[in-house]
Amino acid sequence: MVHNGQKILVVEDEPDIRKLVQYNLAQEHFRVLEAEDGEQALKILQRDKPNLLILDLMLPGLSGIELCRILRDRTDTARLPILMLTAKAGETDRVLGLEMGADDYLTKPFSPRELVARVRAILRRAASAAQTESLPAYDKGGLKIDFTTYEVFARGKNVKL
Ligand code: CA
């Protein structure tokens with residue numbers, strides 16, 4: 001299965017885990033970018049605009065939680081799909097991560113097959129959400145608002161705002 005070169009950024013400071021993730025996603029024809037900390041991740045995000053982020057919570061410097069919060073506050077990354085990687089005992093981290101807007105999480109050690117399945121599921125959800133958003137969203141009682149073109153019509157007449 002080809003994913004049209006969808007890009008995935010893996011942020012993980014442990015080289016072994018990063019390689020494992022990279023290898024398994026590359027096998028599935030994803031293009032994989034790697035960062036070993038949050039600062040590097042921010043640079044790559046700016047430059048390469050990945051489709052999904054795999055984010056380890058335990059990072060040196062900027063933590064995964066902090067990075068998640070920063071990304072959700074920025075308009076260009078507010079909806080970037082995020083899959084968190086957490087340590088086994090880190091329930092608080094997991095809850096915090098989901099509250100910060102991560103889409104899903106995986107607990108270490110995880111199976112590479114499950115990782116790939118989660119990535120696919122998140123990308124599918126993101127794609128169908130994007131499709132729903134591009135539909136004209138409001139048409140009722142003579143008032144029509146086209147959210148894709150930013151036009152408003154009252155009884156068929158274009159209204160200047
Ligand atoms: Ca780590």
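Refer to the structure above for everything that follows.
The rules behind the values
Residues numbered from 1 in each chain as written. Predicted model: local features only at pLDDT ≥ 70, side-chain atom pairs only at ≥ 80, totals over all residues. Heavy atoms only, no water. Donors = N, O, S within 2.8 Å, 3.2 Å for Na, K, Ca; no water. Buried < 20%, exposed > 50% of the residue type's maximum accessible area, 1.4 Å probe, protein only. Pairing = 2+ DSSP bridges. Helix = DSSP H or I, 4+ residues; strand = E, 2+ residues; numbered from the N terminus. Axes fitted to C-alpha atoms, helices over the stretch in contact; angles between N-to-C directions. Core = buried A, V, L, I, M, F, W, Y, C linked by side-chain atoms within 4.5 Å. Left-handed = near helix turned anticlockwise from the far one by under 90°. Contact = heavy atoms within 4.5 Å. Nonpolar A, V, L, I, M, F, W, Y, C, P; charged D, E, K, R; others polar. Salt bridge = Lys/Arg side-chain N within 4 Å of Asp/Glu carboxyl O.

**Quick word on the coordination of the calcium ion**
- Surrounding the calcium ion are the protein donor atoms E12 (OE), D13 (OD), E14 (OE), D56 (OD) and M58 (O), which sit 2.1 to 3.0 Å from the metal.
- Sequence spacing of the donors to the calcium ion: E-D-E-x41-D-x1-M.
- The class of D13 is partly exposed, set by a relative accessible area of 29%.

**Structural notes on the sheet that holds strand β8 (residues 151-154)**
- The strand order across the open sheet formed by four strands is β6-β7-β8-β9, and the pairing between neighbours is antiparallel. Both edges of this open sheet fall to β6 (138-140) and β9 (157-159), since each of them pairs with a single strand only. Across this sheet, the average inter-strand angle for adjacent strands is 25°, counted without regard to direction.
- Summarising the sheet, strand β7 (residues 143-146) and β8 pair through four bridges and their orientation is antiparallel. Among the inter-strand pairings, D146 is bridged to a residue of β8, identified as E151.

**So, the environment of K140**
- The residue K140 is located in strand β6 in this model.
- Each C-alpha atom, one on K140 and one on R155, is 9.8 Å from the other, the two residues being 15 residues apart in sequence.

**Some thoughts on the nonpolar core**
- Core analysis: the biggest nonpolar cluster contains 22 residues, and L9, V11, L53, L55, L67, L71 and I82 have the highest contact counts within it.
- The next biggest cluster of nonpolar side chains, apart from the first, holds 18 residues, and it includes L25, V32, L83 and V116.

**What to know about the packing of helix α1 (residues 15-27) against helix α5 (residues 112-133)**
- It is at 10 Å that the axes of α1 and α5 come closest, and there the two elements cross at 60°. Here α1 and α5 pass one another in a crossing that is right-handed. Packed against α1, whose contacting residues are L20, V21, N24 and L25, the element α5 presents P112, L115, V116 and V119 at the interface.
- Grouping the amino acids of the contact of α1 with α5 by side-chain chemistry returns seven nonpolar, one polar and no charged.

**Some words on the pattern of salt bridges**
- Taken as a whole and judged by the stated rule, the model has twelve salt bridges.
- A salt bridge links K108 to E12; its shortest N-O distance comes to 2.9 Å. A residue pair is termed long-range when its members are at least 10 positions apart, and K108 in the loop between β5 (104-107) and α5 and E12 in the loop between β1 (7-11) and α1 qualify at 96 residues.
- Note on E12: relative accessible area 0%, which makes it buried.
- When the shortest N-O distance is used, the salt bridge between K108 and E14 registers 3.4 Å. In this pair, K108 sits in the loop between β5 and α5 while E14 sits in the loop between β1 and α1, placing the two residues 94 residues apart along the sequence.
- We classify K108 as buried; its relative accessible area is 15%.
- Among the residues examined, E14 registers a relative accessible area of 36% and is labelled partly exposed.

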